[in-house]
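As a plain string of letters, each chain reads:
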Amino acid sequence: MAGTVLDLVVTKNTNANYWLVDFTGDLDSYTIQLKRKELQELVNSLDKQQLVFNFQNLNYINSECIGMLFQYIEQLKTAGKELILVGAKKHVQDVLQTIGIYSQVKNYRSFADYLSV
Amino acid sequence: MFMTVLTKKFYVHLTGVFAAILIVFLGLEYLKGWPLVSWDLLTVIVGGVFLTALLVYYVDFVVPFNAVLDQVKALLSNRRYKKIYFQRTDELGIFAHFFNEVTGSLEKVTEDLEKSRKVSGELQIAGQLQKELIPIQAPSIEGFDIAVKNRSAEELGGDNLDFIKVKDSTYFYVGDVTGHGVPAAIVMTMVNTLINAYSEIYETAYEIVVQTNRRLKKRIRATMFMSMLMMKWNSSTKKMSFVGCGHEYLIVYRAKTGAVEATVSGGIALGMIADIRKIVKEQDVPLETGDVIVLYTDGVTEARNMKGEMFGLDRLKEAVALYAGQSDAQFIIQSIAKDFSKFVEEHVQEDDVTLLVVKKLGDGAEGRAVIDQKQERWGEVPVQK
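Below you will find a few notes about this structure.

### Some points on the packing of helix α1 (residues 29–45) of chain A against helix α2 (residues 63–78) of chain A
All names here are of chain A.
Turning to step 1, where the next piece is worked out: Here α1 crosses α2 at 5 degrees, and the two axes come no closer than 11 Å. Taken as axis vectors, α1 and α2 run roughly parallel relative to one another. Contact with α1, carried on its side by Ser 29, Ile 32, Gln 33, Arg 36, Leu 39, Gln 40 and Val 43, involves Glu 64, Cys 65, Met 68, Tyr 72, Gln 75 and Leu 76 of α2 and no other residues of that element.
Turning to step 2, where the next piece is worked out: A class-by-class count of the residues in the contact of α1 with α2 yields seven nonpolar, four polar and two charged.

Put into structure tokens, the structure is as follows:
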């Protein structure tokens, strides 16, 4: 809805095998219009093996944005890379679980859990 | 404004002309000796100058002002009007320019309104066509009492449901396409068509769903998908089963204990990946007389009230537990809808809402089915005609 916000903080750690994107706010039809280009550029330019989306501070995700996640999963898979989801709050996790996205993407309870693997 | 115009054009000219005549007159008087002319002649000269001034005033101000006024009157009385083209840059010129700008904007707005009316009309037709796809009458299934409520958030909805009877099998499903409006309606229609076609070819809900997904994935854009929960009743084996495709929980009320079970439907939404064979599965749902199945879309559980609270799965389960044992499917669904409506109050409906209630009657009992697609807010009594 107009008025919702979404901030992205991108960390491109040259020593690690991933880029990290921290999401803060809501992923809905309004915010995705503002951030779509930036996210797509990240997917296109990823020169590491994994792109990690940290949903620890993500409050909401709608079905359109879930579809966009799937698009990124496929694009990265085609390029021999992968999308990782970490830290989703319970209600976001429930939505993603119900839709079935976790059958296609690795999910960790937190970024620390991901790093410990 | 008028004084400024007259000062610029009229009074300046008048004063200049008058001054020139006066200078000439006084000059002649001085050269020829006083008095040169009589007072009568002077009166004629002054009168002539005055009439000239009036003529200039009429031509330079009254005529163009009336030209502008005529077009303004025509606009206000909804008659045909013309643009006004002046070369002048004074206040009348500004007024004429303003008139042209305003009428230009009005014409654009009128054109947009016409287009919008046309699109709205086409959407209404499409909405009507879509409603005809959702069955007006569900087939009655021996031994089952069925009630359906469905309300779209917009003219074209993304919630999907259907009943398909093929030989001794009856399939019924509830689905939810990403978003709503025209794109969702098109995907919904595609899925409905595919399922109907494949139900004639395949004998399990599993295979119907797998094949539908395979075809659908090739034809829709990557960001679109449809969650679905499909049930299958086999009247020969007396078995009920389901296949989940990334949809909401399957709710089952157990008449013997009064318990309400919410089973994860599982699987993955249609249109997300090409082959869902290894991800979806068909599972049995044992049923006894009095048990009730409730299918719904997330428009129900994610609806918010004025405080921002969601209706949620727990409230839905509570309503099912309260009403499912009391009466028939129609009563159950109306009661749940009333509770839902009471909760959301005046909050705008942001998503389509669909409920499907199926109550198991005794073996051999005559089947009943009621579908309610009225667009009044749930819980409201339709106006008696």
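### A short note on the sheet that holds strand β3 (residues 169–177) of chain B
All names here are of chain B.
Turning to step 1, where the next piece is worked out: An order of β2-β3-β4-β5-β8 is seen for the five strands of this open sheet, with the pairing classed as antiparallel. Both edges of this open sheet fall to β2 (159–166) and β8 (282–284), since each of them pairs with a single strand only. Direction aside, the axes of adjacent strands within the sheet are offset by 20 degrees on average.
Turning to step 2, where the next piece is worked out: With three bridges joining them, strand β5 (residues 239–245) and β8 adopt antiparallel strand pairing. Considered in β8, the bridge of Val 243 is made with Glu 282.
Turning to step 3, where the next piece is worked out: Helix α4 (residues 182–199) rests against β2, β3 and β4 (226–234) of the sheet, and its axis sits at about 15 degrees to β2.
Turning to step 4, where the next piece is worked out: In the packing of helix α5 (residues 205–219) onto the sheet, contacts are made with β3, β4, β5 and β8, and the angle to β4 comes to roughly 155 degrees.

### Description of a nonpolar patch on the surface
Turning to step 1, where the next piece is worked out: On the surface, Val 17, Ile 21, Leu 41, Val 44 and Ile 45 of chain B cluster together into a nonpolar patch covering about 370 Å² of accessible area.
Turning to step 2, where the next piece is worked out: Residue assignment for the nonpolar patch shows that the elements contributing at least two residues are α1 (2–32) and α2 (39–76) of chain B.

### A few points about the pattern of salt bridges
Turning to step 1, where the next piece is worked out: Under the defined criterion, the tally for this structure stands at 13 salt bridges over all chains.
Turning to step 2, where the next piece is worked out: Measuring nitrogen to oxygen at the nearest pair gives 3.2 Å for the salt bridge that ties Glu 64 of chain A to Arg 36 of chain A. Within this pair, whereas Glu 64 of chain A is found in helix α2, its partner Arg 36 of chain A is found in helix α1, the two being separated by 28 residues in sequence.
Turning to step 3, where the next piece is worked out: One salt bridge connects Glu 288 of chain B with Lys 256 of chain B, and the closest N-O pair in it is separated by 3.3 Å. Pair noted here: Glu 288 of chain B is in the loop between β8 and β9 (292–296) and Lys 256 of chain B is in the loop between β6 (250–253) and β7 (260–263), with a separation of 32 residues, a long-range link.
Turning to step 4, where the next piece is worked out: The exposed category is assigned to Lys 256 of chain B, whose relative accessible area is 72%.
Turning to step 5, where the next piece is worked out: Each of the salt bridges in this network shares a partner with another, and the network as a whole consists of Arg 254, Glu 261 and Asp 291 of chain B.

### Digging into the interface of chain A and chain B
Turning to step 1, where the next piece is worked out: Between chain A and chain B, the residue contacts involve 15 residues of the former and 17 residues of the latter.
Turning to step 2, where the next piece is worked out: When chain A packs against chain B, the two sides together hide about 1200 Å² of surface, and 63% of this comes from carbon and sulfur.
Turning to step 3, where the next piece is worked out: Applying the counting criterion to the chain A and chain B interface returns one salt bridge.
Turning to step 4, where the next piece is worked out: Between Glu 74 of chain A and Lys 217 of chain B there is a salt bridge, with the nearest N and O atoms lying 3.2 Å from each other.
Turning to step 5, where the next piece is worked out: Counting only elements with at least two residues in the side of chain A that touches chain B, the list comes to α2 and α3 (90–99) of chain A.
Turning to step 6, where the next piece is worked out: Split by residue class, the side of chain A that touches chain B holds six nonpolar, seven polar and two charged.

Each value, and the rule that gives it
- Residues numbered from 1 in each chain as written.
- Chains lettered and ligands numbered in written order.
- Predicted model: local features only at pLDDT ≥ 70, side-chain atom pairs only at ≥ 80, totals over all residues.
- Heavy atoms only, no water.
- Axes fitted to C-alpha atoms, helices over the stretch in contact; angles between N-to-C directions.
- Helix = DSSP H or I, 4+ residues; strand = E, 2+ residues; numbered from the N terminus.
- Parallel < 35°, antiparallel > 145°, perpendicular 65-115°, else oblique.
- Contact = heavy atoms within 4.5 Å.
- Nonpolar A, V, L, I, M, F, W, Y, C, P; charged D, E, K, R; others polar.
- Pairing = 2+ DSSP bridges.
- Patch = residues over 30% accessible without salt bridge, like charges linked within 9 Å, V, L, I, M, F, W, Y side chains within 5 Å.
- Areas by Shrake-Rupley, 256 points an atom, 1.4 Å probe, with all protein chains shown as cover.
- Salt bridge = Lys/Arg side-chain N within 4 Å of Asp/Glu carboxyl O.
- Buried < 20%, exposed > 50% of the residue type's maximum accessible area, 1.4 Å probe, protein only.
- Buried area = accessible area lost by both parts, 1.4 Å probe.

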